[in-house]
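# Residue-level structure breakdown
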Amino acid sequence: PKKIIIDTDPGIDDAMAIFLALRSPEVNVIGLTTIYGNVYTTLATRNALHLLEVAGRTDIPVAEGSHVSYVKATKLRVADFVHGVDGLGNQNFPHPKSKPIEKSAAEYLVEQANLYPGEVTVVALGPLTNIALAIKLDPAFTKKIGQIVLLGGAFAVNGNVNPASEANIFGDPEAADIVFTCGADVLAIGLNVTHQVILKDHDRDILAESDGIFAKYLSKILEFYFSYHREAYSMNGAFLHDPTTVLAAVNPSLMTYTEGVVRVQTTGITRGLTLFFNKQKRFNEETEWCNKPTVKVAVTVDATEVVKLVMER
Ligand code: BDR
Ligand code: CA
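Report follows, based on the coordinates. (Residues numbered from 1 in each chain as written. Chains lettered and ligands numbered in written order. Predicted model: local features only at pLDDT ≥ 70, side-chain atom pairs only at ≥ 80, totals over all residues. Heavy atoms only, no water.)

### Let's talk about the packing of helix α12 (residues 241–250) against helix α13 (residues 303–312)
Two quantities define a packed helix pair, namely the angle between the helix axes and the distance between the axes. Their axes nearest at 10 Å, the elements α12 and α13 cross at an angle of 95 degrees. Considering their axes alone, α12 and α13 lie roughly perpendicular with respect to each other. Every residue of α13 that contacts α12 at Pro-243, Thr-244 and Leu-247 is listed here: Val-306, Leu-309 and Val-310. (Axes fitted to C-alpha atoms, helices over the stretch in contact; angles between N-to-C directions. Helix = DSSP H or I, 4+ residues; strand = E, 2+ residues; numbered from the N terminus. Parallel < 35°, antiparallel > 145°, perpendicular 65-115°, else oblique. Contact = heavy atoms within 4.5 Å.)

### Describing the pairing of strand β5 (residues 147–151)
Taking burial as the measure, the five residues of β5 include five buried ones, the bulk of the element. Burial of β5 is two-sided: the residues Gln-147, Val-149 and Leu-151 facing one way and the residues Ile-148 and Leu-150 facing the other way are all buried. Here strand β4 (residues 120–124) runs beside β5; their pairing, made up of four bridges, is parallel. Bridged to Val-123 within β5 is Val-149. In this structure, β5 lies alongside strand β6 (residues 186–189), joined through four bridges in parallel fashion. (Buried < 20%, exposed > 50% of the residue type's maximum accessible area, 1.4 Å probe, protein only. Pairing = 2+ DSSP bridges.)

### Considerations on the coordination of the calcium ion (ligand 2)
In this structure, Asp-9 (OD), Asp-14 (OD), Asp-14 (OD), Leu-125 (O) and Asp-242 (OD) serve as the protein donors to the calcium ion (ligand 2), at separations of 2.3 to 2.5 Å. Expressed as a motif, the donor residue spacing for the calcium ion (ligand 2) is D-x4-D-x110-L-x116-D. In terms of burial, Asp-9 and Asp-14 fall into one category: buried. (Donors = N, O, S within 2.8 Å, 3.2 Å for Na, K, Ca; no water.)

### Some words on the sheet that holds strand β10 (residues 274–277)
Taking strand neighbours across the sheet as the criterion, the nine strands line up as β3-β2-β1-β4-β5-β6-β11-β9-β10 in an open arrangement whose pairing is mixed. Two strands close off the open sheet at either side, each with one partner strand: β3 (62–63) and β10. Packed onto the sheet, helix α4 (residues 105–115) meets β1 (2–8), β2 (27–34), β3 and β4 and runs at close to 150 degrees relative to β2.

### Some remarks on the packing of helix α5 (residues 129–137) against helix α8 (residues 173–180)
Running from N to C, α5 and α8 cross one another at 60 degrees; their axes reach a closest spacing of 8 Å. By the angle between their directions, the pair α5 and α8 is classed as oblique. For the element pair α5 and α8, the recorded crossing hand is left-handed. Residues Thr-129, Ile-131, Ala-132 and Ile-135 of α5 pack against Ala-175, Ile-178 and Val-179 of α8. Classifying every residue of the contact of α5 with α8 gives six nonpolar, one polar and no charged. (Left-handed = near helix turned anticlockwise from the far one by under 90°. Nonpolar A, V, L, I, M, F, W, Y, C, P; charged D, E, K, R; others polar.)

Structure follows, in structure tokens:
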């Protein structure tokens with residue numbers, strides 16, 4: 001199985017994504033790294049440890065990530081209105097007994113990429129600060145990491161923080177621009193794809209009736225996430241951003257992709273905007289737009305199959 005490290009800000013859809021990865025025989029989750037986003041980093045770490053305790057997988061190390069964005073002046077924003085103040089649907093779960101490892105997330109990422117050159121996939125489900133810090137710590141990280149599969153951006157559609165920006169990119173646009181232009185094998189899954197992948201109210205009812213420990217647990221925390229979607233999007237269901245991203249690492253053929261340069265806007269009211277372009281000849285190749293490495297961006301998804309796999313697993 002493919003070795004993966006999940007960089008995460010749990011987060012209700014992050015919790016689903018972690019459980020999904022643990023149930024996917026195609027991948028071996030070798031570690032979790034944490035980041036602010038849906039909650040602050042300290043709580044993200046606590047939730048990551050808690051989720052591994054629920055799963056009975058405290059053998060998997062958790063490395064705590066950055067508490068601040070790459071350019072420290074950036075004001076952090078947490079999404080308690082989407083995920084609850086505890087990040088997991090306000091369920092008052094007990095504090096975990098386990099502790100994170102001594103190494104920081106960036107140090108752990110670099111260490112694992114050195115241990116298994118070309119073999120580790122990072123599945124990034126929050127702001128990209130830790131990945132940018134890993135690149136800063138060791139510029140060769142971009143050559144040693146197998147792939148970076150990330151949930152981020154809104155390609156030619158509106159964002160979810162504001163019309164310009166998707167939450168994970170908005171959380172640290174400078175870090176995101178570094179990751180998109182770093183030259184590693186990067187695959188981005190944006191809202192243009194994940195807004196097609198919807199878990200319905202009816203699916204949650206099925207999870208609630210199941211005896212499976214993940215199904216029962218998720219049906220409870222999903223209540224809060226569903227009520228946010230009902231309110232904000234008038235939907236009877238919820239978007240599966242992070243689980244879709246895990247499945248892009250598990251089985252890339254569930255999606256189709258295009259390749260081009262992605263740059264991230266870092267100023268003004270469009271801060272966090274992701275702009276994709278396919279290096280057309282009419283653009284000057286010397287410019288900062290064109291002289292960058294390309295990345296893959298998901299274009300279409302087999303949403304029915306993704307939801308089916310999430311439910312099964
Ligand atoms: C992303 O932001 C977070 O709220 C979710 O967990 C997901 O990673 C969606 O924009
Ligand atoms: Ca997330």
